[in-house]
Amino acid sequence: SSGINAEYGQHYKLIHLLSSMAVFVDGQHRTDYGRIILTSDNVLHPTDKVQATPSRADGINYEDERDIKILGCELIQASGLLLQLPQVAMATAQILFHRFYLVKSLVIHNYEHQSMAAIFLAAKIEEHPRRIRDVINCFHHIKQVKDKKTPTPLDFTGALYVKQKNDVIKAERRLLKR
């Protein structure tokens, strides 16, 4: 335990030393270089923006909106695990998903399509791209397991696959436009 505390103390001293190093910017001495201060005031959206979402304006109450967003994030997490994506890609997808629904309504935009699009886009952003076919098949598998059906692969030449592929591509565009 004392070894850990001593190691922590050394790291703390190093961080303190680095953050207080003298730096000259435009000929002036600065000691606050590299210092980042994160608080809930500068990383979160304003409360009024979070509380007045388009989904609420369309009649969805807070609890239902929260539950649908949680379900979307759970889908993203489960699909990310099945697609063997790193956690950072899943977190990026969940952020994309939440930010999308700050400005768009759950009534108009299907959360499953947006979940698929978010994980598809996040995988590309985090440089672990997956084929759209794999993402769709993964969500199809999750839905079958949830409905207690025997998982069978999706027919990639069928109308259902083509429709889902088009829906995911459109949802990805909406995420990028947002």
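Residues numbered from 1 in each chain as written. Predicted model: local features only at pLDDT ≥ 70, side-chain atom pairs only at ≥ 80, totals over all residues. Heavy atoms only, no water.

Turning next to the overall build of the chain. When you go through the chain residue by residue, the secondary structure sums to 9 helices and 2 strands. If you list the helices and strands of the chain from N to C, you get α-β-β-α-α-α-α-α-α-α-α. Every one of the 178 residues in the chain was classed for burial, and the buried ones make up 31%. A separation of at least 24 residues holds for 63% of the contacts in the chain among residues at least 6 apart in sequence. As displayed, the chain has an accessible area near 12000 Å², and 57% of this comes from carbon and sulfur atoms. (Helix = DSSP H or I, 4+ residues; strand = E, 2+ residues; numbered from the N terminus. Buried < 20%, exposed > 50% of the residue type's maximum accessible area, 1.4 Å probe, protein only. Contact = heavy atoms within 4.5 Å. Areas by Shrake-Rupley, 256 points an atom, 1.4 Å probe, with all protein chains shown as cover.)

Our focus in this paragraph is helix α9 (residues 159-177). Compared with an ideal rise of 1.5 Å per residue, which puts 19 residues at 27 Å, α9 spans 27 Å between its outermost C-alpha atoms and is within 8% of the ideal. Tucked inside the fold, the buried residues of α9 contact α6 (87-103), α7 (111-125) and α8 (132-146). (Expected span 1.5 Å × (residues − 1).)

To continue, consider helix α5 (residues 62-82). Helical geometry: 3.6 residues make up each α-helical turn, so side chains three or four residues apart lie on a common side. A rise of 1.5 Å per residue sets the reference length of α5, with its 21 residues, at 30 Å; its end C-alpha atoms lie 30 Å apart and thus fit the reference within 8%. Contacts from the buried residues of α5 go to α4 (54-57), α6, α7 and α8. Taking the backbone nitrogen of Glu63 as reference, a side-chain oxygen 3.3 Å away marks Asn61 as the first, capping residue of α5. (Polar contact = N/O pair within 3.5 Å; in protein donor to acceptor, adjacent residues only side chain to side chain.)

Now for the pattern of salt bridges. Tallying each qualifying case throughout the model produces 6 salt bridges. Lys69 serves as the salt-bridge partner of Glu65, at 3.4 Å between the closest nitrogen and oxygen. Residue Glu65 and its partner Lys69 are both found in helix α5; the two are separated by 4 residues, about one turn of the helix. A single burial state applies to Glu65 and to Lys69, both of which are buried. With a shortest N-O distance of 3.1 Å, Arg131 and Asp134 are connected by a salt bridge. (Salt bridge = Lys/Arg side-chain N within 4 Å of Asp/Glu carboxyl O.)

This part is about the confidence of the model for the chain. Chain-level statistics for the chain give a pLDDT mean of 83 and a share of 72% at 70 or above. Per-element confidence in the chain ranges from a low mean pLDDT of 51 for helix α1 (residues 2-19) to a high of 96 for α7. Here residues 17-22 scores under 50 on pLDDT; set against residues more than four positions off or in separate chains, the count is 8 contacts. (pLDDT = per-residue confidence, 0-100.)

Counting 34 residues, the largest nonpolar core has Phe97, Ala118, Ile119, Val135, Ile136 and Leu175 as the members making the most contacts within it. Sorting the residues of this core by element identifies α5, α6, α7, α8 and α9 as the ones contributing at least two each. The greatest single-element share of this core, amounting to 9 residues, is contributed by α7. If we ignore the near neighbours within four places in the chain, the residues touching Val135 are Leu83, Met116, Ile119, Phe120 and Arg130. (Core = buried A, V, L, I, M, F, W, Y, C linked by side-chain atoms within 4.5 Å.)

Another aspect to go through is the packing of aromatic side chains. Overall, the coordinates contain 3 aromatic pairs when judged by the stated rule. Judged by centre distance (5.1 Å) and plane angle (85°), the ring pair of Phe100 and Tyr101 falls under edge-to-face. Tyr101 matches Phe100 in its accessibility class, with the two residues each being buried. Judged by centre distance (5.1 Å) and plane angle (90°), the ring pair of Phe156 and Tyr161 falls under edge-to-face. We classify Phe156 as partly exposed; its relative accessible area is 29%. Between the NZ or CZ atom of Arg133 and the centre of the ring of Phe156, over which it lies, the distance is 5.1 Å. (Phe/Tyr/Trp six-rings, centres within 6.5 Å; stacked < 30°, edge-to-face > 60°. Lys NZ or Arg CZ within 6 Å of the ring centre and 35° of its normal.)

A separate point is the environment of Ile125. With respect to the helices and strands, Ile125 occurs in helix α7. Separated by 36 residues in sequence, Ile125 and Ala89 place their C-alpha atoms 7.8 Å apart.

At a minimum axis distance of 8 Å, the contact between α7 and α9 shows a crossing angle of 70°. Judged by the angle between their axes, α7 and α9 are roughly perpendicular. Between α7 and α9 lies a crossing whose hand is right-handed. Along the contact surface, α7 presents His113, Gln114, Met116, Ala117, Ala118, Phe120, Leu121 and Lys124, while α9 presents Gln164, Asp167, Val168, Ala171, Glu172, Arg174, Leu175 and Leu176. Residue classes in the contact of α7 with α9 are distributed as 9 nonpolar, 3 polar and 4 charged. (Axes fitted to C-alpha atoms, helices over the stretch in contact; angles between N-to-C directions. Parallel < 35°, antiparallel > 145°, perpendicular 65-115°, else oblique. Left-handed = near helix turned anticlockwise from the far one by under 90°. Nonpolar A, V, L, I, M, F, W, Y, C, P; charged D, E, K, R; others polar.)

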